[in-house]
Amino acid sequence: MIEPKKAVKNASSENKYPDIEWRLKLDKNENVYEASKFVVSALKNFDGEKIHLYPDYSGIIEKLSIEYNLNQKNILLTNDDLEAINLVINTYLDKDEEIIFLNPDSNKLKLIAETSNGTILYYDKEKLFELEKIRNNVTSKTKIFYLSTPDKVTGQAIQVSSVLRLLEEYPNILFVVDISYVNFAQNIDIMDFIDLIENYSNIALIKSFSSDYALAGLGGAVLLSNFENIKNLKILSLPNSVN
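Draft legend 1. Main features of helix 7 (residues 160–169). Of the residues making up helix 7, those classed as buried are Ser162, Val163, Leu166 and Leu167. An end-on view of helix 7 places all buried positions within 140° of arc, on one side of the element.

Written as structure tokens, this is what we have:
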């Protein structure tokens, strides 16, 4: 038998879903409502004669650029949010560097972190905005800090002012902020986070379309960041990964 690399063998068994059938699994955060009737209609009218061609993303990139008021060079499509964070880790984390994940978080994210080349630190979420305690956990080797707002596990909403403080305090750390659930939150404006991209090169935003748009079966997510970051991420991004 061909053995996998050590990081995979040592990964927590809790990251694996049990081999059973289910109708609805709550920790997958699937939307229990159907997708928009406009999406269903578009799928029914799909031009099957183009299926032999690789997908052209220019149309959706242009629409996202208008929606988010961003240059198209600040946008990268991925298959889902997990592919996005995996791409960030593979692009920026070396084996002698650290990534900080908040605890608890999803098992799949934990698996990605455990099998990366870097060192993983888990930081208790209730301590997130105690700045002195953050300083005690961040080291000179810390390269990436991952967080989500609202949090996909606890529902905790992180305000843009708190993220701004972290960006200014740690300009050499890339803060990856997952805003996939922002449309479920009150008092959080997605544009407040997107506006940070113009002035800060150490932030990358991830927005999945799976939950709020009920498109888990289709997948699709977007990575928003500084132009230079997107250029670096594209080097390792899988071509045509979005269907």
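Draft legend 2. Layout of the layout of surface pockets. Of the pockets and cavities examined, the largest pocket occupies roughly 1500 Å³. Looking at the lining of the largest pocket, the elements that each hand over two or more residues are helix 2 (37–44), helix 3 (58–68) and helix 8 (190–194). The element contributing the most residues to the lining of the largest pocket is helix 3, with six residues.

Draft legend 3. Representation of the packing of aromatic side chains. Considering all chains together, one arrives at two aromatic pairs under this definition. Judged by centre distance (5.5 Å) and plane angle (25°), the rings of phenylalanine 145 and phenylalanine 175 are stacked. Of this pair, phenylalanine 145 sits in strand 4 (residues 142–148) while phenylalanine 175 sits in strand 5 (residues 174–178), and the two are 30 residues apart along the sequence. Residue classification places phenylalanine 145 among the buried positions, given a relative accessible area of 1%. Both rings, one in tyrosine 181 and one in phenylalanine 184, keep their centres 6.2 Å apart while their planes meet at 35°; by these two values the pair is tilted. A relative accessible area of 15% places tyrosine 181 in the buried class.

Draft legend 4. Summary view of helix 3. Taken together, the buried positions of helix 3 are Ile61, Leu64, Ser65 and Tyr68. Down the axis of helix 3, the sector holding all buried residues measures 105°, keeping them to one side. In helix 3, the exposed residues that point more than 90 degrees away from the buried face are Lys63, Ile66 and Glu67. In the segment just after helix 3, asparagine 69 is the residue with positive phi, at about 55°.

How each quantity is defined
Residues numbered from 1 in each chain as written. Predicted model: local features only at pLDDT ≥ 70, side-chain atom pairs only at ≥ 80, totals over all residues. Heavy atoms only, no water. Buried < 20%, exposed > 50% of the residue type's maximum accessible area, 1.4 Å probe, protein only. Helix = DSSP H or I, 4+ residues; strand = E, 2+ residues; numbered from the N terminus. Arc of directions from axis to C-beta. 1 Å grid on protein atoms, 1.4 Å probe; cavity = no way out; pocket = protein on both sides within 12 Å on 5 of 7 lines; lining within 4 Å. Points joined across faces, edges and corners; volume = space filled by probe spheres on them. Phe/Tyr/Trp six-rings, centres within 6.5 Å; stacked < 30°, edge-to-face > 60°.

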